[in-house]
Amino acid sequence: MAKMRGALRVGLSVAVLLGLTGCAGDFRYNWNWSILACTSENIDAGCIGPYFFWILEGLSWTIAVASAAWVIAFPLGSVFGILRTFDKPILVVVPFVKSPIYFRTRAIGTSKGIIWVNVAWFLHGFANVYVTIFRNVPLLVQLFLWYFVFPELLSDEAGMWVKREMPLPEFWTAVVCLGLYSASRVAEQVRAGINSISRGQQYAAMAIGLTPVQVYRYVLLPVAFRIIIPPLTSDFLGVFKNSSLALTIGVLELTAMTRQIEEYSYQGFEAFTAATVLYIGVTAIVMVAMRVVEGRVRIPGMISLEAK
Amino acid sequence: MNETKDTTGTDGGGMIEMNHVGKWYGEFQVLSNCSTSVNKGDVVVICGPSGSGKSTLIKVINGLEPFQEGTITFNGVSVGDRTTNLSKLRSQIGMVFQNFELFPHISIIENIKLAQMKVLGREDDEARNRSMELLERVGLSDQRDKFPAQLSGGQQQRVAIARGLAMDPIAMLFDEPTSALDPEMINEVLDVMTELANDGMTMMVVSHEMGFAKRVADRVIFMDEGYIVEDCSKDDFFGTPRGDRAQLFLSKILTH
Amino acid sequence: MESGGFDTHIIFHSIPFLAKGMLLTLELTVLGIGGGLVFGTLLALCRLGKFRALAFAAGTYVNFFRSMPLILVIFWFYFLIPLVVGEEVGAFQSVLTAFIMFEAAYYCEIMRAGIQSVRVGQAHAGQALGLTYQQNMRYVVLPQAFRNMIPILMSQAIVLFQDTALVYVVGLSDFLYSADIVANSENRLMEMYITVAIVYFSMCSLAQFLVRNLQKKFAHE
């Protein structure tokens, strides 16, 4: 059967690949690393374009998209994450309205005719809905929605501005999309970090008279953010890697540039290798930097914050 | 709230008044019809089997746990009232926890300073001086710049007591303050508590340390399955406990 | 119903075509999970095993693939596989290989974390009872490890399902690409992309719901 043969072939190629990693000579492929050094158009040297600068430019765009998206994702995700840990009601009385009947739900209710609204319930619910929506639609689909569908939903004038007139429309669309998506992941980490702190800490902070805001500000968040440095680092690296999706709407970031070099020179593997090395390099730098940060903020005497 | 009426000394009641308090976790009732009164300067030890509701009983007093039935007043202020400023109320009641619950990310002295500055609005110098005074009192002034995890359990618990005292509370609540400690550290904590009691602090202590109760307590409350079963003077309790459960509990505890 | 703004007719009209795309998406997901699990288990065994060289090789492999964007991996294999096999094999096989190689790195890490999440005391207790290494693994460590990692493996499966949309970049007719074809040929981008989003959202939410229930069931046992 065709399917079986296909699967067999995949298995075979995986095996061959594993066996031959490094034995590039077995491929019928002419390696020409010098194309990576092309700084100007020079047909004799196989340079149809300044490939070297293309790659550098691609790397810059990749870093720009990822950084700008993180600037959105980190604060927004932190807020949503914090909202998702609200488990105590925050009651706000609706002014000037009296209720003749008695009712009580988790969201709203009455007490002696006064109507109250549990703000915590709505905030918590809103954050939950946000995370559910952004996590359950593939990022690429979200990107298309932002790029192709979102301008259509606006008024003609605003839609036109988003599509054409605003500076770097593809770039900013990718940044906003990636930022909002990644915020849902950051929210998960922040929530998990706060929830991993023992309940007793919260009680102790409340017992000395701190207000709920102060409990978060001085006790829960400083510890939670320390705990989640490793997962947040991998979330940031996720943003960095996911920025490659921006190529589908025309942002010439690193992966797009290597694809373009492949199309121009037919020397795709050299370009892919260069990109791979750069992705791994940036990842390594970020990881080392974050390990230094983690060491700097480590709490003396604590072996593992999560252990307790 | 904000108007803290001083009712101590008047014959209207004690500093802490609990009337018919009931509390549920879903279907499960953890406190049933609990009433008691603690006067200024009283030291009350609460004991009972695990799961009897003792910890919950003291956590409802400063509003850490909500309750559904009855009333509690602290110094004339209703704890269950929705309009009560709980943060302000709590700042007048010190609390010490089973697992110390010092804040791990700040040093010992910062632990004691935090609420003084953020809640009472004391200046840095004033808070520091008060903190050093208290660290001196619990015998840990040389540890001020260490972090909680660098201290032994007994030391941490003494710091936790100092943290509570730093707010100049008018009452202290202790939730099994020695049950997470290694045996050789229990006394250093009990000594601090005894001294505090002798100074006239109003205290409610959940504890199985019957030696401490015999030495220091004015009254003993015995709880079982969410009910206050015994609430009597120390001498009555250790002399002739009336209920079978209390008898059984005491025999188990004391033969250990 | 047809209106100037939102044309639902085109959606119903293209259901058979979209269904074919979804079939390919699911096929890719199932084969990717299967292959990724097998290969990922192998990697995890190497990483936790006694042979230093193998452990190092597996560790390098995992870090390598986890540093790369999936799109770049797809490009790599799209061009590489035909060269390795020596003939044109079609986009599906290339992309599937890419998914298996890529996901295996993640599955490996999930399994490693699962095994390491079992407390050392448990293994010691097993040893103290006189269980052999194999018995200890089989009856004490692995059952606990497995329970810990099942929900995460399931979530990763949902991630893989979403990731398959990236085959768009090599023009393989999965669900998204099929919708894209209709969207562009009929000039109905809004209708098609919104439909795609709703379908993905419903399927992922349903899967998430099932995973959560399963998790609860495991927690109760």
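Conventions used here
- Residues numbered from 1 in each chain as written.
- Chains lettered and ligands numbered in written order.
- Predicted model: local features only at pLDDT ≥ 70, side-chain atom pairs only at ≥ 80, totals over all residues.
- Heavy atoms only, no water.
- Buried < 20%, exposed > 50% of the residue type's maximum accessible area, 1.4 Å probe, protein only.
- Helix = DSSP H or I, 4+ residues; strand = E, 2+ residues; numbered from the N terminus.
- Pairing = 2+ DSSP bridges.
- Core = buried A, V, L, I, M, F, W, Y, C linked by side-chain atoms within 4.5 Å.
- Contact = heavy atoms within 4.5 Å.
- Buried area = accessible area lost by both parts, 1.4 Å probe.
- Salt bridge = Lys/Arg side-chain N within 4 Å of Asp/Glu carboxyl O.
- Polar contact = N/O pair within 3.5 Å; in protein donor to acceptor, adjacent residues only side chain to side chain.
- Phe/Tyr/Trp six-rings, centres within 6.5 Å; stacked < 30°, edge-to-face > 60°.
- Axes fitted to C-alpha atoms, helices over the stretch in contact; angles between N-to-C directions.
- Expected span 1.5 Å × (residues − 1).
- Bend = angle between axes of the 7 residues up to and from the residue.
- Disulfide = S-S within 2.5 Å.
- Parallel < 35°, antiparallel > 145°, perpendicular 65-115°, else oblique.
- Left-handed = near helix turned anticlockwise from the far one by under 90°.
- Nonpolar A, V, L, I, M, F, W, Y, C, P; charged D, E, K, R; others polar.

Enquirer: Help me get a handle on the pairing of strand S8 (residues 203-206) of chain B, residues and values and all.
Expert: Residue and element names in this part refer to chain B. Here S8 shows no split at all, with Met 203 and Val 205 on one side and Met 204 and Val 206 on the other all buried. By the bridge criterion, four bridges tie strand S3 (residues 43-47) to S8 in an arrangement that is parallel. Bridge assignment links Ile 46 to a residue of S8, and that residue is Val 206. The sheet contact formed by strand S7 (residues 171-175) and S8 spans four bridges and is parallel. Bridging from a neighbouring strand, Met 172 pairs with Met 203 of S8.

Enquirer: Lay out the nonpolar core with the relevant residues and their values.
Expert: Core analysis: the largest hydrophobic core is formed by 176 residues, its most contacted members being Ile 46 and Met 204 of chain B together with Ile 74 and Leu 176 of chain C. No other element matches the 16 residues that helix H5 (residues 91-116) of chain C contributes to this core. Once residues lying within four places of it in the same chain are set aside, the contact partners of Ile 46 of chain B are Lys 54, Leu 57, Ile 58, Met 204, Val 205, Val 206, Ser 207, Ile 221 and Met 223 of chain B. Listed in part, the 49 residues of the second largest apolar core include Met 132, Leu 151, Met 201 and Phe 249 of chain B.

Enquirer: How would you explain the interface of chain C and chain A if you had to name every residue and give the values?
Expert: With 45 residues of chain C at the contact, the number on the chain A side is 43 residues. Summed over both partners, the interface of chain C with chain A comes to about 4100 Å²; 79% of that surface belongs to carbon and sulfur atoms. Counting every contact that joins chain C to chain A gives zero salt bridges. Joining chain C to chain A, the criterion identifies five residue pairs in polar contact (both at pLDDT 80 or more).

Enquirer: Which residues make up the packing of aromatic side chains, and what values do they have?
Expert: All names here are of chain A. Counted according to the given criterion, the structure contains 36 aromatic pairs over all chains. Centre to centre, the rings of Tyr 130 and Phe 134 are 4.3 Å apart; their planes meet at 25°, and the pair counts as stacked. Pair noted here: Tyr 130 and Phe 134 are both in helix H3 (residues 119-135), with a separation of four residues, about one helical turn. When sorted by exposure, Tyr 130 lands in the same class as Phe 134, which is buried.

Enquirer: Describe unusual backbone geometry, naming the residues involved and giving the relevant values.
Expert: For residues besides glycine, phi is generally negative; the peptide bonds are generally trans as well. Residues and elements named next belong to chain B. Look at Asn 75: it is not a glycine, yet its phi comes out positive at around 55°. With respect to the helices, strands and loops of the structure, Asn 75 is situated in the loop between strand S4 (69-74) and strand S5 (77-78). Owing to a relative accessible area of 9%, Asn 75 belongs among the buried residues under this scheme.

Enquirer: Help me get a handle on the arrangement of the chains, residues and values and all.
Expert: Between chains A and C lies the most contact-rich interface of the two pairs of chains that touch. For the non-touching pair chain B and chain C, the nearest C-alpha separation works out to 19 Å.

Enquirer: Break down the sheet that holds strand S2 (residues 108-111) of chain A for me, citing the residues and quoting the values.
Expert: Residue and element names in this part refer to chain A. If you walk across this open sheet you meet the three strands as S1-S3-S2, and the pairing is antiparallel. Two strands in the sheet have a free side with no partner beyond their single neighbour: strand S1 (91-98) and S2. In this sheet, neighbouring strand axes are inclined to one another by 35° on average, regardless of whether the strands run parallel or antiparallel. Where H3 meets the sheet, it contacts S1, S2 and strand S3 (114-118), and its direction lies at approximately 30° from that of S3.

Enquirer: Now, about helix H4 (residues 139-153) of chain A: what can you tell me, with residues and values included?
Expert: Residues and elements named next belong to chain A. Helix length check: H4 (15 residues) gives 20 Å between terminal C-alpha atoms against 21 Å at 1.5 Å per residue, within 8%. For H4, the principal kink sits at Trp 146 and spans about 35°. For H4, every residue scored as buried is listed here: Leu 139, Leu 140, Val 141, Gln 142, Leu 143, Phe 144, Val 149 and Pro 151.

Enquirer: Quick rundown of the pattern of salt bridges? Include the residues and the values.
Expert: Residue and element names in this part refer to chain B. Counted under the stated rule, the structure contains 23 salt bridges over all chains. Among the salt bridges present, the one from Glu 176 reaches Lys 54, with a minimum N-O distance of 3.9 Å. You can see Glu 176 sitting in the loop between S7 and helix H6 (183-198) and its partner Lys 54 sitting in helix H1 (residues 54-61), a full 122 residues away along the chain. The residues Glu 176 and Lys 54 share a single accessibility class, namely buried. Within this structure, Arg 122, Glu 126, Arg 130, Glu 133 and Asp 168 form a network of salt bridges that share partners.

Enquirer: Tell me about the side chain of Thr 194 of chain B, and please be specific about residues and values.
Expert: On the secondary structure map, Thr 194 of chain B appears in helix H6. With relative accessibility at 15%, the residue Thr 194 of chain B sits in the buried group.

Enquirer: Tell me about the state of the cysteines, and please be specific about residues and values.
Expert: Evaluation of the coordinates by the stated rule reveals one disulfide over all chains. Across the disulfide, Cys 38 of chain A is cross-linked to Cys 47 of chain A (sulfur-sulfur distance 1.8 Å). The disulfide joining Cys 38 of chain A to Cys 47 of chain A has a torsion of about -75° about its S-S bond and is therefore left-handed. A single burial state applies to Cys 38 of chain A and to Cys 47 of chain A, both of which are buried. The structure places no disulfide on Cys 34 of chain B, whose sulfur is separated from the nearest cysteine sulfur, that of Cys 47 of chain B, by 14 Å. According to the relative accessible area criterion, Cys 34 of chain B is buried, its value standing at 0%. Free cysteine Cys 47 of chain B: the closest other cysteine sulfur is in Cys 232 of chain B, separated by 9.3 Å. For Cys 47 of chain B, a relative accessible area of 0% puts it in the buried group.

Enquirer: Outline the interface of chain B and chain A, supporting the account with residue identities and numerical values.
Expert: Contact residues are listed per partner, giving 26 residues for chain B and 28 residues for chain A. Together chain B and chain A conceal approximately 2400 Å² of surface at their shared face, both sides included; 64% is due to carbon and sulfur atoms. Across the contact surface, chain B and chain A share zero salt bridges. Counting across the interface, chain B meets chain A through seven residue pairs in polar contact (both at pLDDT 80 or more). Sorting the residues of the side of chain B that touches chain A by element identifies helix H2 (86-90), strand S6 (93-96) and helix H3 (108-118) of chain B as the ones contributing at least two each. The leading source of residues in the side of chain B that touches chain A is H3 of chain B, at three residues.

Enquirer: Kindly report on the packing of helix H2 (residues 51-83) of chain A against helix H6 (residues 169-195) of chain A, identifying the contributing residues and their values.
Expert: Residues and elements named next belong to chain A. H6 packs onto H2 with a crossing angle of 40° between their chain directions and a minimal axis gap of 6 Å. Between H2 and H6, the crossing angle belongs to the class labelled oblique. Along this stretch, H2 crosses H6, giving a crossing that reads as right-handed. Its residues assigned to classes, the contact of H2 with H6 comprises 22 nonpolar, five polar and one charged.

Enquirer: Can you explain the packing of H3 of chain B against helix H4 (residues 124-137) of chain B? Please cite residues and give values.
Expert: All names here are of chain B. The interhelical angle for the contact between H3 and H4, taken along N-to-C directions, is 130°, at an axis separation of 9 Å. Viewed along their axes, H3 and H4 adopt a mutual orientation that is oblique. Both H3 and H4 take part in a crossing whose hand is right-handed. Across from Ile 108, Ile 109, Glu 110, Ile 112, Lys 113, Gln 116 and Met 117 in H3, the residues of H4 making contact are Asp 124, Glu 126, Ala 127, Arg 128, Arg 130, Ser 131, Met 132 and Leu 135. Taken together, the residues of the contact of H3 with H4 break down into seven nonpolar, two polar and six charged.

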